[in-house]
Amino acid sequence: MKQWLICLFALVTAMPVSAEEPPLFRNARAPLEDRVSDLLERLTLEEKVALCHGAFTSGGVPRLGIGSLLMLDGRQGLRPILEQKGTKTTLLPCALALSCTWDEEAARDFGRVLGREMLALNRHVLLAPMLNLVRSPLGGRNFENFGEDPLLVGRMGAAYIQGVQELGVGACACLLVANDCERRRHFTSSNMDVRTLRELHLVGYELSVRDGNVWSMMSGNNLLNGVYCAQNRPLVQDLVKDEIGFDGVMITDWRAAYDTVPAALAGTDMTTGICGYVFGNDRLLAAVKAGQVPPALLDDKVRRILRLYLRSGVLNPEGRAQGALDSPEHRAAARRLAAEGMVLLKNERQLLPLPVAKLKNVLITGPAA
């Protein structure tokens, strides 16, 4: 018996003992900002910088068990990325058609469909909606916006955002600001005075913050008054963050920033896609170590990113709701929203409703016919 106990003791003491990982939160029931502060003080400098760049998959802190932030395109229906090829999502009418409903509840329903499908694909941030004004009929992405009226753009955009975010999925107000053309958009400067900016182009973004409480925003590819939007401090830091009160993450479009220090000082929090290198490749890390970017400014960026992680369920994956893809309910919503967007401004000679019994031929034309 004594020999057996000695053998058992030797076996137990020989087993490797793994250090217990610290809990993700010291107090999981604490208010959101307290949890953000708790995580922030536990990150190394290198881990902080790693949160500030990426692509559709960004960041994460493996040491603390924090997963990556997963983003997805899809303003009129989700666009699954390569590993989800073949996945069917609901095709919704375009945002320009949605704006023709003049119905904020319709915009919320639109956002809810997208939010549920994001949940089904296990994605955290939808890179939508677009809030640029339709200033020219030649704009290649006019259909993704809500028209030319700033108030309509802002009200519909805010409702769309509410529909997405009430399901725990982040929305992203795109593309700040006056990114009104496609051709040479990376080299075109939208030049305007402050009144034009504030009363027209910025209204949609302001309402997306104040009414929609949007969790992220994407800077445009263009320049504003000769300075790239992602590197434009009077626009991003002074107006959007400090004055309007945006507390979310300012991310770049895939090719919207070029220089590390100007982008960081301007208020950009995360560089993505092709310009991920601007904060990646140890560039932001070197700028902080050299004193070109203050540590307190980096902490503000990381605080915003961690806030987004908490809001969108990255840190609580088991608590996210179940989603659905291309469901009968979503198809019915798409059909209803498309019908509501078909508006006849003046019914001359009682054109509508069509006398179905008298129709012999119906012509359907256009690229989507």
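Since the structure is predicted, the reported quantities are computational estimates derived from the model, not experimental observations.

(A) Main features of the side chain of aspartate 73. Within the fold, aspartate 73 resides in the loop between strand S3 (69-72) and helix H4 (95-99). Engagement of the side chain of aspartate 73 in a polar contact is seen with the side chain of arginine 79, the distance being 2.6 Å.

(B) Seen up close, the environment of arginine 79. Inspection of the secondary structure puts arginine 79 in the loop between S3 and H4. For arginine 79, a relative accessible area of 52% puts it in the exposed group. With 10 residues separating them in the primary sequence, arginine 79 and threonine 89 have C-alpha atoms 7.8 Å apart. Not counting the four nearest positions on each side in its chain, arginine 79 is found in contact with Leu72, Asp73 and Gly74.

(C) Representation of the packing of helix H5 (residues 104-120) against helix H6 (residues 150-165) in the model. Direction vectors running N to C along H5 and H6 enclose 40°, while the axes themselves pass 6 Å from each other. For the pair H5 and H6, the sense of crossing is right-handed. Residues Glu104, Ala107, Arg108, Phe110, Gly111, Arg112, Leu114 and Gly115 of H5 form the contact with H6, whose participating residues are Arg155, Met156, Ala159, Tyr160, Gln162, Gly163 and Val164. Classifying every residue of the contact of H5 with H6 by side-chain character gives 7 nonpolar, 4 polar and 4 charged.

(D) Quick peek at the sheet that holds strand S6 (residues 189-190). Spatial ordering of the open sheet is given by S6-S8-S9, a layout of 3 strands whose pairing is mixed. The strands lining the two open edges of the sheet, one partner per strand, are S6 and strand S9 (227-228). Of the pairings in the sheet, the one linking S6 to strand S8 (residues 223-224) comprises 2 bridges and is parallel in character. Bridge assignment links serine 190 to a residue of S8, and that residue is leucine 224.

(E) Structural detail: the nonpolar core. If you look at the biggest cluster of nonpolar residues, it comprises 51 residues, and the most contacted ones within it are Leu98, Tyr160, Leu176, Leu202 and Met217. Those elements that provide at least two residues to this core are H4, H5, H6, strand S5 (170-176), helix H8 (203-210), helix H9 (233-243) and helix H13 (328-340). In this structure methionine 217 touches Cys172, Ala173, Leu176, Tyr205, Ser208, Val209, Val240, Phe246, Val249, Met250 and Ile251, once residues within four positions along its chain are discounted. The next biggest cluster of nonpolar side chains, apart from the first, holds 45 residues, and it includes Ile66, Met130, Cys172 and Leu297.

(F) Spatial organisation of the pairing of S3. Alternating residues of S3 divide into Leu69 and Met71 and Leu70 and Leu72, and every residue in both groups is buried. Across 2 bridges, the pairing between strand S2 (residues 57-58) and S3 is antiparallel. Bridging from a neighbouring strand, threonine 57 pairs with leucine 70 of S3. Relative to strand S4 (residues 125-126), S3 runs parallel, the two sharing 2 bridges. The residue bridging leucine 72 from the neighbouring strand is leucine 126, located in S4.

(G) Seen up close, a nonpolar patch on the surface. On the surface, Leu344, Leu351, Leu352, Leu354, Val356, Leu359, Val362 and Ile364 cluster together into a nonpolar patch covering about 780 Å² of accessible area. Examined against the element boundaries, leucine 354 turns out to sit in the segment after H13. The exposure class of leucine 354 is partly exposed, given its relative accessible area of 48%.

(H) Summary view of the packing of aromatic side chains. Applying the stated rule across the entire model yields 4 aromatic pairs. When the centroid spacing of 4.8 Å and the interplanar angle of 45° are considered together, the rings of phenylalanine 56 and tryptophan 254 count as tilted. Of this pair, phenylalanine 56 sits in the loop between strand S1 (53-54) and S2 while tryptophan 254 sits in the loop between strand S10 (249-252) and helix H10 (260-266); the two residues are 198 residues apart in sequence, bridging distant segments of the chain. Relative accessible area serves as the criterion here: at 21%, phenylalanine 56 is assigned to the partly exposed category. Members of the aromatic cluster, each reached through a chain of ring pairs, are Phe110, Phe146 and Tyr160.

(I) Structural view of the environment of valine 203. Here valine 203 is to be found in helix H8. When the C-alpha atoms of valine 203 and glycine 154 are compared, they prove to be 6.2 Å apart, with 49 residues separating the residues in sequence. Contact partners of valine 203, with chain neighbours within four places excluded, come to Pro150, Leu151 and Arg198.

(J) Layout of empty space enclosed by the protein. Under the defined criterion, the tally for this structure stands at 1 cavity of 30 Å³ or more. In this structure, the largest cavity is lined by Met130, Asn132, Leu133, Gly139, Gly140, Arg141, Asn142, Asn145, Asn179, Asp180, Cys181 and Glu182. Of the residues contributing to the lining of the largest cavity, the split by class is 3 nonpolar, 6 polar and 3 charged.

(K) The layout of surface pockets, seen in detail. When its volume is computed, the largest pocket comes out at roughly 400 Å³. Around the largest pocket sit 18 residues that line it, and Asp73, Arg75, Arg79, Arg141 and Glu144 are the ones nearest its centre. For the lining of the largest pocket, the residue count by class is 7 nonpolar, 4 polar and 7 charged. Approximately 150 Å³ is the volume attributed to the second largest pocket. Lining the second largest pocket are 13 residues, with Leu310, Gly313, Leu315, Asn316 and Gly319 positioned closest to its centre. Of the residues that constitute the lining of the second largest pocket, the class distribution is 5 nonpolar, 4 polar and 4 charged.

The rules behind the values
- Residues numbered from 1 in each chain as written.
- Predicted model: local features only at pLDDT ≥ 70, side-chain atom pairs only at ≥ 80, totals over all residues.
- Heavy atoms only, no water.
- Helix = DSSP H or I, 4+ residues; strand = E, 2+ residues; numbered from the N terminus.
- Polar contact = N/O pair within 3.5 Å; in protein donor to acceptor, adjacent residues only side chain to side chain.
- Buried < 20%, exposed > 50% of the residue type's maximum accessible area, 1.4 Å probe, protein only.
- Contact = heavy atoms within 4.5 Å.
- Axes fitted to C-alpha atoms, helices over the stretch in contact; angles between N-to-C directions.
- Left-handed = near helix turned anticlockwise from the far one by under 90°.
- Nonpolar A, V, L, I, M, F, W, Y, C, P; charged D, E, K, R; others polar.
- Pairing = 2+ DSSP bridges.
- Core = buried A, V, L, I, M, F, W, Y, C linked by side-chain atoms within 4.5 Å.
- Patch = residues over 30% accessible without salt bridge, like charges linked within 9 Å, V, L, I, M, F, W, Y side chains within 5 Å.
- Areas by Shrake-Rupley, 256 points an atom, 1.4 Å probe, with all protein chains shown as cover.
- Salt bridge = Lys/Arg side-chain N within 4 Å of Asp/Glu carboxyl O.
- Phe/Tyr/Trp six-rings, centres within 6.5 Å; stacked < 30°, edge-to-face > 60°.
- 1 Å grid on protein atoms, 1.4 Å probe; cavity = no way out; pocket = protein on both sides within 12 Å on 5 of 7 lines; lining within 4 Å.
- Points joined across faces, edges and corners; volume = space filled by probe spheres on them.

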